[in-house]
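What follows is the residue order along each chain.
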Amino acid sequence: MRYKKTMLGFGPLRLVVLLKLMFLLPMFAVAQTGPVSGTVLDEQGKPIAGASVSIRGSSTGTITNNEGRFNINVSKNAVLVFTFMGYETLTQNVGGRNEITVSLKSQTTSLEDVVVVGYGTRSKRDVGGAVLSVDQKLLKDRPVTNTLAALQGSTPGLVISRTNGQPGREGISARIRGITTLGGQNAPLVIIDGIEGDINALNPNDIQSISVLEDAASASIYGAKAGGGVILITTKAGKVNQKTQVDLNTMYTFRTPYARPELISSRRQGELQNEARKFAGQNPDFTDEQLGWFDDPNVNEVFNTNSKAWDYYYNYNLEEILMRKQSPQRAINLTATGGGDKSTFLFSMGYLDQQGVFKFGPDQYSKFNARVNYNTKLSKILSFDSRLSFARENIDAPPVGVTGEGLMYGVYSIRAARNPIFTPFSEDKLYAFIGTISTAYPVLKDGGYDMEDRYNMNGVFSLSAKQVLKGLDLKAVYSPGLVLSNREVFNKTVPRYTIDANKNPVPGSPLNQTNSLNKTRPFNITQNFFATADYDYKLKDHSFHLLGGYEFKSYKYDYLQAIQRALLLNDFPTLNYTTLPQADVTNVADNIQINTWLSYFGRLSYNYANKYYFEGTLRQDGSSRLAPGHKFQTFYAGNIFWRLTQEAWFKNALPWVDEFKVSASYGTAGGAQTSSPNSNNYDFQSPLSRGFYPFNDSRTAYFYQSNLPAESKAWEIIQTTNVGFDLEVIKRKLRLHYDYFIKKNNNVFVGQQLPALLGVTPNEANLAAIEVKGWGVTLSWNDRFKDGGYFISANLSDDKNKVVKYDGSVTYNTGINSAIPGMSTNSIFGYKADGYFDTPDEVNSVPRRTPNTTVGDIKLVDVNGDGLINQGINTAADHGDLVYLGNTNSRYVFGFNVGANWKGFDVSVLFNGVGKRSVLLEPYASLAFYDGWRLPWAIHQDYWTAENPNAKFPAIRMSDRVNNVESSHWVQDASYIRLKNLQVGYTLQKKKHNLKSLGDVRIYFSGQDMWEKTGMWFNYYDPENTDRITFGYPLWRSYAVGLNIGF
Amino acid sequence: MKINFNKYSLIAVAAFGGAVLTGGCTKMLDQNTKTTITDPVFWKTTSDLISGTNYLYASLPGFDQPMEDLYSDFSVDIFGSSFNTISDGSRNVPSGDGNWNGAYAYIRAANNVMEKANDIADDPMKTYCIAQARFFRAFAYWRLVRTYGDVPYIGKTISGREDEALYTPRTDRRAVVDSIYADLDFAAANCPQADQIPGSTSTAGQNGREYGRITRSAALALKSRVALYEGSWHKYHGEPELKGAKDPVKHFTIARDAAATIMTEGKHSLFTGSGELSFQDLFRYPGETYAKNKENILAKLFGKDIQNIVVSNGGYMRPNLTDGRNAATRAFVNLALFADGLPSGKSPLDSTGLETGLLTDYQNRDPRMVQTLFKVGDPYASISGASPAYGNTYYYHQQKYWTGQADFLVSPNIFLDFIAIRYAEVLLNYAEAVYELSGSISDADLDKTINLLRKRATNNNNSKLALLSNAFVSANGLNMRDEIRRERSIELAYEGFRYWDLLRWKTAEVELPKPLLERKYFTGVNYGGSTKPPMLNGYVLLQAADKRKFDAQKDYLWPLPSGQIGLSNGTLTQNPGWK
């Protein structure tokens, strides 16, 4: 088709050129250099304007004009290099020609042509089943610190969630196709360049491609740890005979915190406190005069003539005092790639730093990455590949935890507004001590730090032999990985003062009475070796590919901790000096965790005429993490697929279908071994716990058994059945991928409930079975128009799990229930709320859970009608009035991505979200006055009164112990849609700026998390937060501008 | 080409094959913990057995025990402004209960010590370890029986989910109590006397024989405590909380005899080392250790200082005493005698309703009441700063276990020991058991029990508190049983006895539904800007009678945690009345 069109469209021109050529040929035969002209076309035969044409090995080059034409002086043996953004680089030997027409392949298509699979690569057409490639566009120019964060919304079945926005401790986790275990992490296995790796330490800019293996057919080759799916990442490399290309990317980001409580004035807090007292039948805390003092900037402290102490009437907003309105984030990346005849290289460096939300104090994160990928051919057969990476991460955090009852609680909730930060009359030099006072200010400013440096060094060294015998390739890979951490927590003594009647400072309780320095040095080394043999055999239409391999892996974690207390100097943190006469035996500790793995694997791939495909996988894994006698397990998978478009009858019937492939697979993979390698290595042994009792005023150790050993800990075996299809129509512009799957884990390793008469925590055992059913669909449309193109891509997936068996005793409790047969994991149970009690008659007419329930309280429903509101005996047969209130698992996870580019301008929008999810608020932390010192927020002003019967909150009451029970009132609809990323950019092409040394220059705006809509009515937390979130570090909206320069 | 082919292929195949062979060693998969002690490597020597026994001391009550007065009419949380749901009768059946789980955890640990001792060579220390284990097993069962009545009796370590003992039904409390007696008899016979154990912090004890360990008197004292409870239970209770035959005499006799043995053996005496302030100092640093204070029979130890924290006592003082989470009520004040030995309503010194100021309450009163409460003008330390004196308030803050120093202001922890058993209780047990056995008590017995306590309280000055005698009781129309009970309630207030005493006397149904009152309110007094509180008959009202109830058909026993009933395969049944 295309050839014909070319002939028709350019025939006359060609004829002229040919005539010219014939005429000029003798001259050129002797000339060393001469002009060559030509045309650069795209796949549709349309001319490409602004494509770069350069001579390899020299700095000479030119740019095509609007008709795609170029002229250049070259020697007849020169090699021309054609590059254009979005297209594959093409090289052509001039070979004496003086008219060259080339057509460039668009890059998106070509990248997808090769798909990375377990221990190899495949042409896309030879892949059937749930191997999903992540679109490269999604990783580009995103103001995120972590690759996983960029993958949110990218791939059906891959669910990424975050818990908070603390620099370096964002708590990002990934899960593929739902939950198949209980208690374990169920995290996907991440393979970087063939070796299990740490995705957090990876520079997103170094990534060439990401494949997500979701079904057993593709993941099973990784056996042991693949039960949670596999994320395969390949880093970039140079190309053979590629001119050295240098890219400098810089990005500057403003980040503004969101998802945090709105604070109210001291006076308003005081008024609500009086209301809360009144409702509880107590006397109000503040007179009108005192409330007035809160508003009066001239009255901050009043001497109480009875208690002979000062009362305080400040009006502070700690959010404003301590937290930034915006925080900067900077990133810079430098990449150089290139290659000669035999070797290729990539060198990259990246640096990122990030300021946290606090105006002062330790709250930063920085990361430095460097990578060298070098590949060289040793001979026709042998080649050597080495990939060396280094990452240094630094987290500088406050010395106390930020979430839960930590620092954020001190900012948001404890009596911060009404009390002074500094001792009055001390000219802001001395910190105030007033009982339940927020410590957030002094902790941040002077309380010390929690500093962590992590160095991650990794090498992947491969020696490959191609075509050792005809069809046989061999490969041996050794990969050492080293992670060194250095964490220092310094809790500094901060003196605090109160004042006496004469306004003189009096020492009060300091922060950290005994200062301490806690240094930890975890060190872990991973060694991984594998060797594979690949054998290709073709007999007419029968293609065989056989893979065999062996893998050995060892992991060692060695943790050393040293603590010194009562340091001699309060601002000289070292372990060397202490005022303590005797060292504390708990000051030093170690923890060694070792696990080893041994595996054999093989895979047979067969196809007939690229039409019918069969693949079988077998893997045997042994792991030290399992109990003696249970260490080895064999995993297997089978996959068949059929490319209908290869059938003549199909082609004839539906010629507009470019590709139609149906596949079915079944296989097994191992699970439960993906929990942290630093723990659960010795579950089958029976550890003793230690404590101390102060006989003789000294540490007298005691030992006791705190849990039973899991003596029969065996493999979790995850069976996956997958059916799916791929459809590509309208010249492959419209693509559809669909999968349906059923996963089963019949051997879930789980904790069990036994009667407390046991006297010890029961052992975990392989007692449960979980089944997950789900599907995922991706639909995309790509097209080009004059000077540009556009794309639309959408994905949606869902999975629903069910505990189908649990051999332990089942209990139903309020809150999250994970192991109830017939129910999904993470099912929320609680009482059913039915509005509020509006009248005393209403209160008396129905059963109440507690006799203290009154008007204004949440009305709980007597579901089983027994005249009581209780939880029965927590069994399936009798769980009283506890009902299912939702599930915290994410359902209907989607991503939607639209973009276009035209004449150097580009714009793209990515939305992501969750269609169905519930979370339970922590009831006590959501009430206004669960304790007298937990102060209310703006949202708490909407409480029940006779005039406001449809309030968000029940009647406001001091020490509310009625409404703090888990009920549907506190369950939130955490479904959401979020504008994940918006990018607008302009690429100044080389031809336009005409600066010799410079290539393309792109300038862009990239906004992350700029908007969302959620079903949560308690809108101080983000819907991605985990269940029972209390006081979280806020998340961020990011607004980035960036500049990418090519050289 | 062909030569290269073979050479490289040979090298590559050799490398590949070699790797398979060297890695084939499956021994590499046998990994064991290198940094955690496991069961099989432990329990080899007597020293290991001591370490195992030491764990049981973690089960001793600490400052959680005085908080149990919140269940009663004596104590209220005026800081958190929440009312105890056991005290006001509003609690629900819990799904889980740490009292239940904790007791069985220590029972297992005690059984484990006894079982592991089987493989260790006999020596006196081994026997002492077993004796301590039996003491703690008895202690755990005692707390279970007192709380829940009949409870499953587990006499061995349960192996796991296949073990049928997991589904042991509730054992009659009589059988459980008999096993407690047997354990305590063994402990009494095999534990050293108090003076055989080094008694002060300056004299280090030998490993396994330090101050704070179980002595013969501790075993006997606990036995008298258990037996007194059981005696009262049999005497005063019936269905639904106690079914079947009753034998109060058996238990009262055991209570009396165990107490008498301690009294006769003479290893203990009341603390008088601080003269008039002895009762107060008993609970402060001067009262620590046996060397300084022979009244201590068993103490929960809390180490030395902040820089050498071994076990934190959690800072009982500030939140509970000065902030008032465990503050006194009018009920306590009303119960205390006047100096003439007569109670409110009988004494001419009675100031009830006639108070003219915040100090009236403290005039002419039992010195123990005065020393148990803070009073206006006392040295004090407040959460809101370094106020030198206790100011005007309409609450009664109590100060038992207040160190007398503002040490919590410069340190988040105090390191005062908690006295788990003291000799005064033994004397009170004796007096009550004697009286309950015969309906009377001789003046001689009063003199060697209650009057000793009164003399200590007044530093032998009878004008501060008259002594008790049969003649005094009859002359003033008093009831001896009430006076014995009053003595116990005042002496042991805020040490965790009151609620359980109300249960065993079966008077909880009378006392607990009464309104919770605090001080009389004075309009002219400067309360520091606070607004006027709700009141009843001139007294500050914390909780009105209509919010308090005690259901005699159910509240004498606690509900079993519903989750445990659910897990029991139907073998556990709920206590009567609880739903």
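Residues numbered from 1 in each chain as written. Chains lettered and ligands numbered in written order. Predicted model: local features only at pLDDT ≥ 70, side-chain atom pairs only at ≥ 80, totals over all residues. Heavy atoms only, no water.

Examining the overall build of chain B
Here is step 1 of the chain: For chain B, the helix and strand inventory stands at 19 helices and seven strands.
Here is step 2 of the chain: Expressed along its principal axes, the backbone C-alpha trace of chain B runs to roughly 120 × 55 × 55 Å.
Here is step 3 of the chain: Considering chain B as a whole, with its 579 residues, one finds that 62% of them fall into the buried category.
Here is step 4 of the chain: Summing over all exposed atoms, chain B offers an accessible surface of approximately 20,200 Å²; the carbon and sulfur share of this is 53%.
Here is step 5 of the chain: One finds the centroid of the 64 positive side-chain charges in chain B at a distance of 3 Å from the centroid of its 62 negative side-chain charges. (Helix = DSSP H or I, 4+ residues; strand = E, 2+ residues; numbered from the N terminus. Buried < 20%, exposed > 50% of the residue type's maximum accessible area, 1.4 Å probe, protein only. Areas by Shrake-Rupley, 256 points an atom, 1.4 Å probe, with all protein chains shown as cover. Lys, Arg positive; Asp, Glu negative; His and termini not counted. Charge placed at Lys NZ, Arg CZ, Asp CG, Glu CD.)

Some details on the sheet that holds strand β6 (residues 90–93) of chain A
Residue and element names in this part refer to chain A.
Here is step 1 of the chain: Taken in spatial order, the four strands of this open sheet run β3-β2-β5-β6, and their pairing is antiparallel. Every other strand in the sheet has two partners, leaving β3 (61–63) and β6 as the edge strands with one partner each. Going from strand to strand, the sheet's axes swing by 20° on average, the running direction of each strand aside.
Here is step 2 of the chain: Summarising the sheet, strand β2 (residues 52–55) and β3 pair through three bridges and their orientation is antiparallel. When the sheet's bridge partners are listed, S54 is paired in β3 with G61. (Pairing = 2+ DSSP bridges. Axes fitted to C-alpha atoms, helices over the stretch in contact; angles between N-to-C directions.)

So, the interface of chain B and chain A
Here is step 1 of the chain: If you look at the interface, chain B gives 109 residues, while chain A gives 108 residues.
Here is step 2 of the chain: Around 8,900 Å² of area is buried between chain B and chain A when both sides are counted, 61% of it from carbon and sulfur atoms.
Here is step 3 of the chain: Between chain B and chain A we count zero salt bridges in total.
Here is step 4 of the chain: Summed over the shared surface of chain B and chain A, the number is 23 residue pairs in polar contact (both at pLDDT 80 or more).
Here is step 5 of the chain: For the side of chain B that touches chain A, the elements supplying multiple residues, two or more each, are α1 (2–23), α2 (46–54), α3 (98–117), β2 (296–300) and α19 (562–567) of chain B.
Here is step 6 of the chain: Sort the elements by how many residues they give to the side of chain B that touches chain A and α1(B) lands first, with nine residues.
Here is step 7 of the chain: Classifying every residue of the side of chain B that touches chain A gives 50 nonpolar, 44 polar and 15 charged. (Contact = heavy atoms within 4.5 Å. Buried area = accessible area lost by both parts, 1.4 Å probe. Salt bridge = Lys/Arg side-chain N within 4 Å of Asp/Glu carboxyl O. Polar contact = N/O pair within 3.5 Å; in protein donor to acceptor, adjacent residues only side chain to side chain. Nonpolar A, V, L, I, M, F, W, Y, C, P; charged D, E, K, R; others polar.)

Observations regarding the pattern of salt bridges
When their charged atoms lie close together, side chains carrying opposite charge are able to pair.
Residue and element names in this part refer to chain B.
Here is step 1 of the chain: For the structure on display, the rule yields 98 salt bridges over all chains.
Here is step 2 of the chain: E295 is paired through a salt bridge with R456; the nearest N and O atoms lie 2.6 Å apart. A residue pair is termed long-range when its members are at least 10 positions apart, and E295 in the loop between α8 (278–281) and β2 and R456 in helix α14 (residues 450–458) qualify at 161 residues. The same class applies to E295 as to R456, namely buried.
Here is step 3 of the chain: We note a salt bridge from R330 to D361, for which the minimum N-O separation is 3.3 Å.

Side note on the pairing of strand β46 (residues 891–902) of chain A
Residue and element names in this part refer to chain A.
Here is step 1 of the chain: As defined by bridge partners, strand β40 (residues 788–806) adjoins β46 across ten bridges and the pair is classed as antiparallel. Paired with F791 across the bridge in β46 is G899.
Here is step 2 of the chain: Bridge analysis of β46 against strand β47 (residues 905–916) gives eleven bridges, and the strand direction is antiparallel. Within β47, the residue paired with V893 across the bridge is V914.
Here is step 3 of the chain: In sequence, β46 turns back onto β47 through a hairpin of two residues, with K903 there showing a positive phi of about 50°.

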